[in-house]
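Listed here are the chains, written in short residue letters.
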Amino acid sequence: MVDLNIMVGGEAGQGVQSVGSVLAKTLLRGGYEIFADQDFESRIRGGHSFSRVRVSRRPVAAALAPIDILVALNEDTIKLHEKKVPNQGIIVSEISKTGVPENSAQPMLDIPFEKIAVSVSGNILMTNTVAAGGILGLLDYDFGLFETVLRGEYGRKGEKVVQANVDAGRAGYGFAQQHRPKGFKLRLKPSGPSGKMLISGHEALALGVLAAGCKFVAGYPMTPTTSILEFLADRGREFGLHVVQAEDEISAANMAVGAAYAGVRSMTATSGGGFCLMTETLSLAGMTETPLVVVLGQRSGPAIGLPTRTEQGDLLFALHAGHGEFPRAILAPGNAEEAFWAAVKAFNLAEAFQTPVIILTDHDLGNSYYTMKKPDLAKVVIDRGTVLSDAEAAEAVEYRRYAYTRTGISPRAFPGQGRALVVADSDEHNEEGHIIEDGKTRRKMMDKRMRKNGGLSRRIAGPAVIRRQNPVYNLICWGSTYGAVAEAARLLEQRGIKAQVTHLKELWPFPVRAFARTLAGGVKNIVVEANFTGQLENLIRAETGVSADGHVRKYDGRPFTANEIVAALEGGA
Amino acid sequence: MKTGPRVELDDYASASNSAWCPGCGNFGILRSLDKALVDLEMPPHQVLLVSGIGQAGKLPHYTRANVLNGLHGRPLPAATAAKLANRGLAVIAISGDGDGYGEGGNHFIHAMNRNSNLTYLVHNNQVYGLTKGQASPTTDLGFTTKLNPDGAWTALRPLALAVACDCSFVGRGFAGDIDHLAGLIAQAVKHEGFALIEILQPCISFNKKNTFQWYRERIYKVDQDGKYDPGNRAAAFEKASEWGDRIPIGVIYRHERPVFEDYVGISGHELLVKQPIDPSSVGQLFDDFT
């Protein structure tokens, strides 16, 4: 069974990401399942960054630590990663530039990337294409597929650029085939294309935003969710969606509220630092009962933390953000497919319950590339909640925006829709939306808003469970950690240890009963999460009274790998 | 925007009881706004009033229109987006000097820069009324309060800032001259672009200096001799900076420049609120990822 891990490392600006993405796409077109991620520093040039591509015949959703092919574009890459390459693996580099690894028994392939690039195309920028071609040649992969990817990638720049890349790629490919070390046995044979997509978590989320019919997005650029804003600014217009770059996150959130009040599906996307500034507005959305969708892409904190790295440190922040008490929902997709559907659901929940919905993602989920089946768009249901029809709004002279109802949900109307005047207020208010201070009305209105929690709870999905018969462990996780945990369960099974995986992809209102059903006697409940304090573990205890039997935590800014989780369990997590 | 029967002042008559002090300058502003909207024959359901917090922020509750009463200092972002979502609405943001120039200073600058087609009314009483009398960004130098025992160390000139930001309509009115203010508001609502009207509004409870009488002795209409050219930015900057013995009211600066909604390319299209939702159309993007 193929399970190949390729790492391309170099300094920022050397094109590490482009080598990775061209490789990943070429392998995807051969029907392989791909998981690809990147590790980069918060800088434009220099430093060390790498891109990893994992290739398999079965679905994969996390990186594995051992590297089968290490492509080093600079010396640091060899120094930093050579120990992760097992003896049947290989290091590919331009030795005149990078030197030879310490372990000289290690198979090596010396490809003069730059020399080939310059001699074939006269352009040193083709080095990346030579490198990608070299890896594919080493694997004896189909060059034709590589060519189609290059044509797609550079087609917009004209035939000359395309041809130069194809030539450079072919030269790298041919060189690797001729010089492949005898002991290197690994080959990849494409099958027919699977038709699946290779897509990052945030790109998938953005597609979900479009499918959901969002028409207005306001944001202030902040890693890691800038990619969502940029994608929607680029592609949204043809779907009637408009993106505004606001002066700050406070403005962005208030813009999202203003547009939602006016009647469109509306959203903002930010990271923890930006979300700090938005908390006041989150509370506003709660009080004015305005549907507000916020994507909170977590990165390491506190404060600026590690801007280009990952963490799951904002769960309890998202849960408690905002002053006062109001209903909210928190979704935490675990991969690209879940990110797509989380976006669709977020807008439905926000409008159905007229309250904020937070989608918790993180740098790892957002920037990792997953293989995903094309979503079945026929299954996208648009639920705009209770809204007056145009005919009703035309005549609703005595419209009450905050009418008391059994469900807590008052019918919405939009300004200008008809004669109905829509009065929304951040002060406590009466059914008409006007300011009040009397205790009785306050209590009734608070009761009305909080009644929504009942309906909201019923719409929150319980955890997804990968069951095993008589498991030793129940590995509980949330959000992006899912892929590595599922992989860890598989590795454990290979060693004869059974582990159930319980993945919470929707966290609030906490699915207490559904979660309780996943627990069984005699099983070690271990919570795996990427933060210091164990936020999910604490939340589970608070909501269910259940204390976990152990935990695996990580807070170095790097995503979990399955191997680390297994090692932690063996060490008695 | 005119549709249906004639608009009367009664259409804007609110049943809500005011929380303003008797004699407050805000009453004059409220009457001016209602009068302007009636003069423009604008029915209430086509008007959106967006406000922040403070006594000025309560104004939308005392008339009849669509209302989004949001957060302290934040009416402009919400108004900007509501206008983008539905350009068919006349959007009027209402603020006070603390709300608009203090808490919302950043939004104020960027809203002028953006030039959305909004009207922005700032009630300037040079004091924080609702929190009982602290200095605001426009409080005269040396004005002492409980929180500013050494005297206020602020004297922002918002209109000069507005001219510097190339705000496309900069006006000043006086709460004590309803007809003049109503005329100014009507011009601002008709103006294509961001229209700021600063309104001198005596706070009878906490500002014993800048009273109705104090203003009446100082204000003059900038175009009283028919010679003032509001299109001249240098002259406008001079007028906007004038404060003390003489205080100009009227249209200080006005010029045309591209409106945000046009610039961002939504003006020729169906309103965002009328854009259809069609999930199936998204499928056309899927092949980009295969």
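Residues numbered from 1 in each chain as written. Chains lettered and ligands numbered in written order. Predicted model: local features only at pLDDT ≥ 70, side-chain atom pairs only at ≥ 80, totals over all residues. Heavy atoms only, no water.

### Re empty space enclosed by the protein
Residues and elements named next belong to chain A.
Next up, step 1: Scanning the model with the defined rule gives seven cavities of 30 Å³ or more in all.
Next up, step 2: What lines the largest cavity is a set of 18 residues, and nearest its centre among them are D364, S480, T481, P559 and F560.
Next up, step 3: In the lining of the largest cavity, the residues fall into nine nonpolar, four polar and five charged.
Next up, step 4: Put simply, the second largest cavity is a space of about 60 Å³.
Next up, step 5: Around the second largest cavity sit A260, Y261, T288, E289, T290, P291, R401, R412, A413, F414, V422 and A424, which together line it.
Next up, step 6: The class makeup of the residues in the lining of the second largest cavity is seven nonpolar, two polar and three charged.
Next up, step 7: Inspection of the lining of the second largest cavity shows a minimum of three residues originating in each of domain 2 (199-379) and domain 3 (390-457). (1 Å grid on protein atoms, 1.4 Å probe; cavity = no way out; pocket = protein on both sides within 12 Å on 5 of 7 lines; lining within 4 Å. Points joined across faces, edges and corners; volume = space filled by probe spheres on them. Nonpolar A, V, L, I, M, F, W, Y, C, P; charged D, E, K, R; others polar. Domains from an automatic or database assignment.)

### With respect to the nonpolar core
Buried together is how nonpolar side chains tend to be arranged in soluble globular proteins.
Next up, step 1: Core analysis: the biggest nonpolar cluster contains 91 residues, and F216(A), L360(A), L536(A), V170(B), F194(B) and L196(B) have the highest contact counts within it.
Next up, step 2: The element best represented in this core is helix α10 (residues 249-262) of chain A, accounting for eight residues.
Next up, step 3: When sequence neighbours within four positions are dropped, the list of residues in contact with F194(B) reads L76(B), A111(B), M112(B), N115(B), S116(B), L118(B), Y120(B), C167(B), S168(B) and F169(B).
Next up, step 4: Counting residues in hydrophobic clusters, the runner-up holds 53 residues, among them V209(A), A346(A), L349(A) and L456(A). (Core = buried A, V, L, I, M, F, W, Y, C linked by side-chain atoms within 4.5 Å. Buried < 20%, exposed > 50% of the residue type's maximum accessible area, 1.4 Å probe, protein only. Helix = DSSP H or I, 4+ residues; strand = E, 2+ residues; numbered from the N terminus. Contact = heavy atoms within 4.5 Å.)

### So, the interface of chain B and chain A
Next up, step 1: Taken together, the contacts link 51 residues of chain B with 64 residues of chain A.
Next up, step 2: Taken together, the two surfaces of chain B and chain A that pack against each other cover about 4,600 Å², and 66% of this comes from carbon and sulfur.
Next up, step 3: Counting across the chain B and chain A interface gives four salt bridges.
Next up, step 4: Linking chain B to chain A there are 21 residue pairs in polar contact (both at pLDDT 80 or more).
Next up, step 5: At the level of elements, β2 (66-69), α2 (75-85) and α4 (105-114) of chain B are the ones that each hand at least two residues to the side of chain B that touches chain A. (Buried area = accessible area lost by both parts, 1.4 Å probe. Salt bridge = Lys/Arg side-chain N within 4 Å of Asp/Glu carboxyl O. Polar contact = N/O pair within 3.5 Å; in protein donor to acceptor, adjacent residues only side chain to side chain.)

### A word on the packing of aromatic side chains
Any pair of aromatic rings gets described here by the distance separating the centres and the angle formed by the planes.
Next up, step 1: One pass over the full model with this rule turns up 18 aromatic pairs over all chains.
Next up, step 2: Taking 5.2 Å as the distance between ring centres and 65 degrees as the angle between the ring planes, the aromatic pair formed by F143(A) and Y173(A) counts as edge-to-face. Placement of the pair is F143(A) in helix α6 (residues 143-154) and Y173(A) in helix α7 (residues 159-179), with a sequence separation of 30 residues. Each member of the pair, F143(A) as well as Y173(A), carries the same accessibility label: buried.
Next up, step 3: Among the aromatic residues, ring-to-ring pairing joins F174(B), F212(B), W214(B), Y215(B) and W243(B) into one connected group.
Next up, step 4: Over the ring of Y32(A) we find R57(A); its NZ or CZ atom is 3.7 Å from the centre of that ring.
Next up, step 5: Its end group placed over the ring of Y220(B), R246(B) keeps NZ or CZ at 3.8 Å from the ring centre. (Phe/Tyr/Trp six-rings, centres within 6.5 Å; stacked < 30°, edge-to-face > 60°. Lys NZ or Arg CZ within 6 Å of the ring centre and 35° of its normal.)

### Description of a nonpolar patch on the surface
Next up, step 1: A surface patch of nonpolar side chains, amounting to about 300 Å² of accessible area, comprises V118(A), I124(A) and L125(A).
Next up, step 2: Tracing the backbone shows V118(A) in helix α4 (residues 113-121). (Patch = residues over 30% accessible without salt bridge, like charges linked within 9 Å, V, L, I, M, F, W, Y side chains within 5 Å. Areas by Shrake-Rupley, 256 points an atom, 1.4 Å probe, with all protein chains shown as cover.)

### Remarks on the packing of helix α1 (residues 16-28) of chain A against helix α5 (residues 127-138) of chain A
Residue and element names in this part refer to chain A.
Next up, step 1: Orientation of α1 relative to α5, taken along the N-to-C sense of each, is 40 degrees, at an axis distance of 9 Å. Relative to α5, the element α1 is oriented oblique. As for how α1 packs across α5, the hand of that crossing is right-handed. Of the residues in α5, those in contact with S18, V19, V22, L23, T26 and L27 of α1 are N128, A132, I135 and L136. (Axes fitted to C-alpha atoms, helices over the stretch in contact; angles between N-to-C directions. Parallel < 35°, antiparallel > 145°, perpendicular 65-115°, else oblique. Left-handed = near helix turned anticlockwise from the far one by under 90°.)

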